[in-house]
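Structure at a glance
Listed below, chain by chain, are the residues.
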Amino acid sequence: MPKVYLLDYVAGNVRSLVNAIEKTGYSVEWVRTPEEVANADKLILPGVGHFGHCLGQLASAGYLPAIKAHIDAGKPFMGICVGLQAIFERSSEDPDVAGLGLIKGELNRFNDTNKAVPHIGWNSANASSKSLYDLRPESKYYYVHSYKYPYVQGDLESQGWTVATGSYGEEIFVGAVAKGNVLATQFHPEKSGVAGLRVLKSFLTGEGQKTLGQDVKGPASTGGLTRRVIACLDVRTNDQGDLVVTKGDQYDVREKGDDRNVRNLGKPVEMAKKYYEQGADEVTFLNITSFRDCPLADLPMLEILRRTSETVFVPLTIGGGIRDTVDTDGTKVSALEIATMYFKSGADKVSIGSDAVLAAEEYYAVGRKLWGNTAIEQISKAYGNQAVVVSIDPKRVYVPKIDATRHNTLRTRFPGPKGEEYCWYACTIKGGRETRDIDVVELAQAVEAMGTGELLLNCIDRDGTNSGFDLELIAQVKDAVRIPVIASSGAGNPAHFEEVFRETTTDAALGAGMFHRGEYTVEQVKDHLATAGLEVRKFEG
Ligand code: 1PR
């Protein structure tokens, strides 16, 4: 197998990149010291997290001169995500840290006054009309970043670069650049399905460099971020000890009959692959029981992630049990260490539930102060905000008057059992078994302050009901934060997805039961959205 060299300097999910490279017929050789860079023919610099952290690590380990020498020697070089940002001079994220400076210019943050930041999801990489490493106008690529290089026509072209762009709201940003032996993508090719694998292949075979800027590809697409559709798999051991995908009604996952068995809807790895092939934009696994009768290193979810990431090339999120804990042999294990195990096994994001609620309560109890010791802060510092999702399990609490409680209340179109016209949403922990005195707005704002990149907003009242998303809840939370929100719970048919995208500003929508029971496929949801005029990513086989 021909080889490609990967720089092993930074935390993050490199497993997916390795899997994607192997899928294209190459093997990976790790570069672990600056001296080893000289052995590399093709070199890839993956990057996650902060610009300063990435460049700081590279500089202190002495990699920067070695990377520059590799590029100056005309050998193929590819930067991914922060690896693209690294080739610019600097970024306003960490203004004192110098980049490689191959391109003159400074990255800045997306404007979050009118849209969610980070920019997460599937967007275009429009390569004007010239060939750029097999980027295609009809394809979409997976981005996750808060900082970008703003595109100004002629700016990079005058420095000899071929450029592909994406648009987010009113902003046009650089999605990919190439010149000579250098290719850099702001999106993650390893997470961009077949479209991304094509780009990687074009780099690895050298074909992209050969044809750069030569042939005309036709008109660029114009669309921005697509409507993101996520398939969610709740996973637990059933009474026979098998790990199964299950699904509850308002979080009760047991059959209604006398035996009350845990519902078994299929096998996690197979189902994840099925949804990927139906066009799911992301797959989320929630470990809804803790599996804590085995050592952490043997957690069955790790194996599920490893196997899934071999065939599923879209982002994978894993939730459940991410908190400081004690292993079976008595060793203390931090939430960060658990998250690290998940990232190394193929997860792109971790989702935190109960622990986030307790951390938010503490945050308010001490007067909104942060000490850097919560799981959210530690994981987002190490892996970037985009890697941390908080999963919220709220329940409606009806009240007769708007000021009947100190909580953030809204007037509801669906009055309570005693005709109450107002409600607030109480956060729960332990899979809905314990309700706390903190509302969704308080929780969302606290975890945003801690560095959460995205919210997975469930709703216990709607879960498994097939009655549609709770639009009032989603609107309330969207109004309260600037980070993206994933609407979850209640999807029963494709029209519910259209409704939530039209009636709220949600950034993504998630379905579970309707997919698991085979009532609808992800593809049917996307076809429905496309017919309704909402832009979606089409699966490329
Ligand atoms: O508290 O950090 O250990 O995380 C536990 C995680 O497990 C949380 O994300 C919590 O939401 C989840 N969880 C715990 N118990 C259950 C349960 O169902 N008994 N599942 C559970 C949450 C809700 C969604 C579901 C949507 C869509 N399930 O995942 O997929 O409601 O369903 P639908 O489309 O069928 O309506 P921690």
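Residues numbered from 1 in each chain as written. Predicted model: local features only at pLDDT ≥ 70, side-chain atom pairs only at ≥ 80, totals over all residues. Heavy atoms only, no water.

As for unusual backbone geometry
- Each neighbour pair has its own omega, and for Val-117 with Pro-118 the value is 10°, a cis peptide bond.
- Following the sequence through the fold, Pro-118 ends up in the loop between strand 6 (103-109) and strand 7 (119-123).
- Here the phi dihedral of Arg-260 falls at roughly 50°; this positive angle occurs in a residue that is not glycine.
- Turning to its location among the elements, Arg-260 is positioned in the loop between strand 14 (243-246) and helix 7 (268-278).
- A residue is classified by how much of its surface remains accessible, and Arg-260, at 32% relative accessible area, is partly exposed. (Helix = DSSP H or I, 4+ residues; strand = E, 2+ residues; numbered from the N terminus. Buried < 20%, exposed > 50% of the residue type's maximum accessible area, 1.4 Å probe, protein only.)

Here we look at the pairing of strand 27 (residues 508-511)
- Every second residue of strand 27 is oriented toward a common face, with Ala-508 and Leu-510 on one face and Ala-509 and Gly-511 on the other, all of them buried.
- Relative to strand 27, strand 13 (residues 228-237) is paired through 4 bridges, and the arrangement is parallel. Along strand 27, the bridge assignment pairs Ala-231 with Gly-511.
- One ladder, built from 2 bridges, connects strand 26 (residues 485-487) with strand 27; its direction is parallel. By the bridge assignment, Ile-486 is partnered in strand 27 with Ala-508.
- In this region the chain leaves strand 26, passes through helix 14 (residues 494-503) and returns to the parallel neighbour strand 27; the handedness of that crossover is right-handed. (Pairing = 2+ DSSP bridges. Right-handed = clockwise from strand over helix to strand, strands pointing away.)

Remarks on the pattern of salt bridges
- By the definition in use, this model includes 39 salt bridges.
- Here Lys-140 ties to Glu-535 by a salt bridge, and the two come within 3.0 Å at their closest N and O atoms. Here Lys-140, found in the loop between strand 7 and strand 8 (141-145), pairs with Glu-535, found in the segment after helix 16 (522-531); they are 395 residues apart in sequence, far enough to count as distant.
- For Glu-535, a relative accessible area of 33% gives the class partly exposed.
- Across the pair Lys-273 and Glu-277 runs a salt bridge whose closest N-O atoms are separated by 3.2 Å. Residue Lys-273 and its partner Glu-277 are both found in helix 7; the two are separated by 4 residues, about one turn of the helix.
- Connected through shared salt-bridge partners, Lys-115, Lys-148, Glu-170 and Glu-171 make up one network. (Salt bridge = Lys/Arg side-chain N within 4 Å of Asp/Glu carboxyl O.)

Quick notes on the side chain of Glu-171
- Examined against the element boundaries, Glu-171 turns out to sit in strand 11 (residues 171-179).
- Judged by relative accessible area, Glu-171 falls into the buried class, the value being 13%.
- Polar side-chain contacts of Glu-171 include one of 2.9 Å to the backbone nitrogen of Asn-111.
- Discounting chain neighbours no more than four positions away, the residues touching Glu-171 are Arg-109, Phe-110, Asn-111, Lys-115, Lys-148 and Gly-166. (Polar contact = N/O pair within 3.5 Å; in protein donor to acceptor, adjacent residues only side chain to side chain. Contact = heavy atoms within 4.5 Å.)

Side note on the packing of aromatic side chains
- Evaluated as defined, the whole model comprises 13 aromatic pairs.
- Residues Tyr-276 and Phe-539 carry aromatic rings whose centres are separated by 5.5 Å and whose planes lie at 85° to one another, so their mutual orientation is edge-to-face. On the criterion of sequence distance, the pair formed by Tyr-276 in helix 7 and Phe-539 in the segment after helix 16 is long-range, its members being 263 residues apart.
- Look at Phe-469 and Phe-497: their rings are 5.5 Å apart centre to centre, the planes differ by 85°, and that puts the pair in the edge-to-face class. Here Phe-469 is found in the loop between strand 25 (454-457) and helix 13 (471-480), whereas its partner Phe-497 is found in helix 14, with 28 residues between them in sequence.
- Its relative accessible area of 2% is what places Phe-469 among the buried residues.
- Three or more aromatic residues link up through ring pairs in this structure, and these residues are Phe-110, Tyr-141, Tyr-143, Tyr-168, Phe-173 and Phe-187.
- When the ring centre of Phe-414 is taken as reference, the NZ or CZ atom of Arg-462 above it lies at 5.7 Å. (Phe/Tyr/Trp six-rings, centres within 6.5 Å; stacked < 30°, edge-to-face > 60°. Lys NZ or Arg CZ within 6 Å of the ring centre and 35° of its normal.)

Quick notes on the sheet that holds strand 9 (residues 147-148)
- Ordered by their spatial adjacency, 3 strands build an open sheet running 5-6-9, and the pairing between neighbours is mixed. Each edge of the open sheet is held by one strand with a lone partner, namely strand 5 (88-91) and strand 9.
- Relative to strand 9, strand 6 runs antiparallel, the two sharing 2 bridges. Bridge pairing links Asn-108 to Lys-148 in strand 9.

A closer look at the domain arrangement of the protein chain
- If you check the domain split of the protein chain, you get domain 1 (3-211) and domain 2 (228-531).
- The centre of domain 1, based on its C-alpha atoms, is set 30 Å off from the matching centre of domain 2.
- For the pairing of domain 1 and domain 2, the buried interface totals around 2,200 Å² over both sides, and the portion due to carbon and sulfur atoms is 57%.
- Of all residues in domain 1, the largest losses of buried area upon contact with domain 2 belong to Arg-15, Ile-120 and Lys-191, amounting jointly to 24% of the total for that side.
- For the pair domain 1 and domain 2, the number of links is 2 salt bridges.
- Between Asp-112 and Arg-482 there is a salt bridge, and its shortest N-O distance comes to 3.4 Å.
- Per-element tally for the side of domain 1 that touches domain 2: the top contributor is helix 1 (residues 15-23), with 5 residues.
- When the residues that make up the side of domain 1 that touches domain 2 are grouped by side-chain class, the tally is 12 nonpolar, 9 polar and 6 charged. (Domains from an automatic or database assignment. Buried area = accessible area lost by both parts, 1.4 Å probe. Nonpolar A, V, L, I, M, F, W, Y, C, P; charged D, E, K, R; others polar.)

Things to note about the state of the cysteines
- Scanning all chains against the criterion turns up 0 disulfides.
- Of the cysteine sulfurs around Cys-54, a residue in no disulfide, the closest is that of Cys-81, at 9.3 Å.
- Cysteine Cys-459 is unpaired, with the sulfur of Cys-423 as its nearest cysteine sulfur at 9.2 Å. (Disulfide = S-S within 2.5 Å.)

Things to note about empty space enclosed by the protein
- What the rule picks out here adds up to 2 cavities of 30 Å³ or more.
- Lining the second largest cavity are Ile-230, Glu-282, Thr-284, Thr-317, Lys-349, Val-389, Glu-454, Leu-456 and Ile-486.
- The set of elements that each furnish at least two residues to the lining of the second largest cavity consists of strand 15 (282-287) and strand 25.
- A per-class count over the lining of the second largest cavity returns 4 nonpolar, 2 polar and 3 charged. (1 Å grid on protein atoms, 1.4 Å probe; cavity = no way out; pocket = protein on both sides within 12 Å on 5 of 7 lines; lining within 4 Å. Points joined across faces, edges and corners; volume = space filled by probe spheres on them.)

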